[in-house]
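Fold and contact review
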Amino acid sequence: METLIFEVGMALALITLTGLLSAKLRFSVIPFYILIGMAVGPHAPHFWIIDLRFIESSSFIEFMGRLGILFLLFYLGLEFSVKRLLKSGKAIIVGGSFYVALNFLSGLLLGWIGDLPIKETLVVCGIMTSSSTAIVAKVLVDLKRTANPETEIIMGMIMFDDLFIAVHISILTGLILSGASSFWSVLLISLTALAFIVVFLFIGRKIIKYIDFALNIKSSELFLLMIMTLLFLVAGFSETLHVAEAIGALMIGLVLGESRHVKRIEQQVLPFRDFFGALFFFSFGLTIEPSSLGGAVGMTLIAVILTLIGNFGAGMLAGRISGITPKASLNVGFTLVSRGEFSIIMANIGKAGGLMASIQSFAVLYVLILAVLGPLLTKESKWIYQSFEQLRKRLRRSRG
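Residues numbered from 1 in each chain as written. Predicted model: local features only at pLDDT ≥ 70, side-chain atom pairs only at ≥ 80, totals over all residues. Heavy atoms only, no water.

Looking at an unreviewed UniProt entry, one finds the chain named Monovalent cation:H+ antiporter-2, CPA2 family, with Paenibacillus algorifonticola as its source organism. Heading Subcellular location (unreviewed entry) of the UniProt record for the chain holds this comment: "Membrane". The chain has a UniProt comment under Sequence similarities (unreviewed entry) that states "Belongs to the monovalent cation:proton antiporter 2 (CPA2) transporter (TC 2.A.37) family." (UniProt positions renumbered as here; feature names shortened; annotations may be inferred.)

Laid out in structure tokens, this is it:
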């Protein structure tokens, strides 16, 4: 353990350099973090104390990546509002339901085509259903589309999708990580997870005023310590109930999202989310052997095509219900194409449960392709729409 700190420093240096590169190229940083993690690891060279295999520090980096999941889900909970989702209108509820259903069915179809066992199929369904909130939000800001009429629909559908993913993670946890084998034991654990979510939210709403009173302190140090205490205790307790620790982090985030101190909490937690989140994607890349990716290419390409079709359909339906233009509706579908943090979380659940290694390879290729393709499609949506229109007019003329 003599070089532990130095290895962590090297990991951070690599992450920083790739972050600077992605900023220079104006691309999502998530695929860059995964790629640099894949580029090093057990197959990488080493010289003197410069050991890119990260042998001594791999378990520590993995633990910090685990913390990244907690902060990602906790911050999501702070920004999520079930009340706002329910008030957002029919377009978001119907469009969001259609979006989730199409992508989930695409996962079932892919599992059937690949002859995957039921557990692996359900993980694939989660990977394909979970759009990347981080990438979508960044793309909307970068392209200056936050004030566009379709943006509210996009964020509402993202919120609906996140709500579904929270439930799906809890069910997967009961099915894969608990060690349960019979249908009734899996059902019991899954119901326990869902009951935990409902009861925790109910109690949280009742005691939020007392939490607000406790957080009414000037000291930034004590304020942060109290937030971290709540986060880790709730996440750790949820794990003892066979509920994913990430769900516990999401739940306490949802509760504190109703606090009058929510802006201060977000400000304090944001640096931790960014720091440990970067380590999460890097640590995921470390676990991937690049030579193993070849076997997942066919499955990934089919998944990408199914996702593009499903997102296009969901975007057009949501747009038609809300009354926005076809061009804006196309923006909805394309913006939601990106996959990222939640797909990786799903893949990690499969890895922790000892499922097929090919699921990890599939998740890597799928996320890398869509994390790059999503922002590109969104940026060029105007040109794509105009091309479609020109093609449609030519077809009409040829028929006439």
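Okay, back to it.
Attention now moves to the overall build of the chain. Along its length, the chain carries 17 helices and two strands. Taking 400 residues into account, the globule formula puts the C-alpha radius of gyration at 21 Å, and the chain, at 22 Å, falls close to it. If you line up the chain on its principal axes, its C-alpha atoms span 75 × 55 × 50 Å. Per-residue burial for the chain yields a buried fraction of 52% across its 400 residues. Across the chain, the fraction of contacts at a sequence separation of at least 24, relative to all contacts at a separation of at least 6, is 82%. As displayed, the chain offers around 19100 Å² of accessible surface, 68% of which is attributable to carbon and sulfur atoms. Taking the average location of the 32 positive side-chain charges in the chain and that of its 24 negative ones, the two points are 15 Å from each other. (Helix = DSSP H or I, 4+ residues; strand = E, 2+ residues; numbered from the N terminus. Rg over C-alpha atoms; globule rule 2.2 N^0.38 Å. Buried < 20%, exposed > 50% of the residue type's maximum accessible area, 1.4 Å probe, protein only. Contact = heavy atoms within 4.5 Å. Areas by Shrake-Rupley, 256 points an atom, 1.4 Å probe, with all protein chains shown as cover. Lys, Arg positive; Asp, Glu negative; His and termini not counted. Charge placed at Lys NZ, Arg CZ, Asp CG, Glu CD.)

On the surface, K393, R394, R396 and R397 cluster together into a patch of positive charge. In this structure R396 comes out as exposed when scored by relative accessible area, which is 57%. (Patch = residues over 30% accessible without salt bridge, like charges linked within 9 Å, V, L, I, M, F, W, Y side chains within 5 Å. Salt bridge = Lys/Arg side-chain N within 4 Å of Asp/Glu carboxyl O.)

A large share of helix α2 (residues 30-39) lies buried, amounting to eight of its ten residues. Of the positions making up α2, those classed as buried are I30, P31, F32, Y33, I34, I36, G37 and M38. G41 sits one or two residues past α2 and shows a positive phi near 100°.

This paragraph deals with unusual backbone geometry. Positive phi outside glycine occurs at D115, with the angle close to 55°. On the secondary structure map, D115 appears in the loop between α5 (90-113) and α6 (118-129). According to the relative accessible area criterion, D115 is exposed, its value standing at 68%.

Here helix α16 (residues 358-379) contains 22 residues, and its C-alpha end-to-end distance of 32 Å stays within 8% of the 32 Å for a straight helix at 1.5 Å per residue. Among the 22 residues in α16, 16 count as buried, and that is most of the element. (Expected span 1.5 Å × (residues − 1).)

Each aromatic ring pair is summarised here by two numbers: the centre-to-centre distance and the angle between the ring planes. With the rule as written, the count across this model stands at eight aromatic pairs. Ring geometry for F71 against F276: centres 5.5 Å apart, planes inclined by 15°, an arrangement best described as stacked. Note that F71 is positioned in helix α3 (residues 58-79) and F276 in helix α12 (residues 262-286), a separation of 205 residues in sequence. When its relative accessible area of 12% is taken as the criterion, F276 is described as buried. Residues F272 and F276 carry aromatic rings whose centres are separated by 6.5 Å and whose planes lie at 5° to one another, so their mutual orientation is stacked. Of this pair, F272 and F276 are both found in helix α12, four residues apart, which corresponds to roughly one turn of the helix. Grouping aromatic residues by their ring pairs yields a cluster made of F71, F232, F272, F275 and F276. A cation over a ring is seen here: R264 above F223, with NZ or CZ 3.9 Å from the ring centre. Seen from the ring of Y75, R273 lies directly overhead, with NZ or CZ sitting 4.5 Å from the centre. (Phe/Tyr/Trp six-rings, centres within 6.5 Å; stacked < 30°, edge-to-face > 60°. Lys NZ or Arg CZ within 6 Å of the ring centre and 35° of its normal.)

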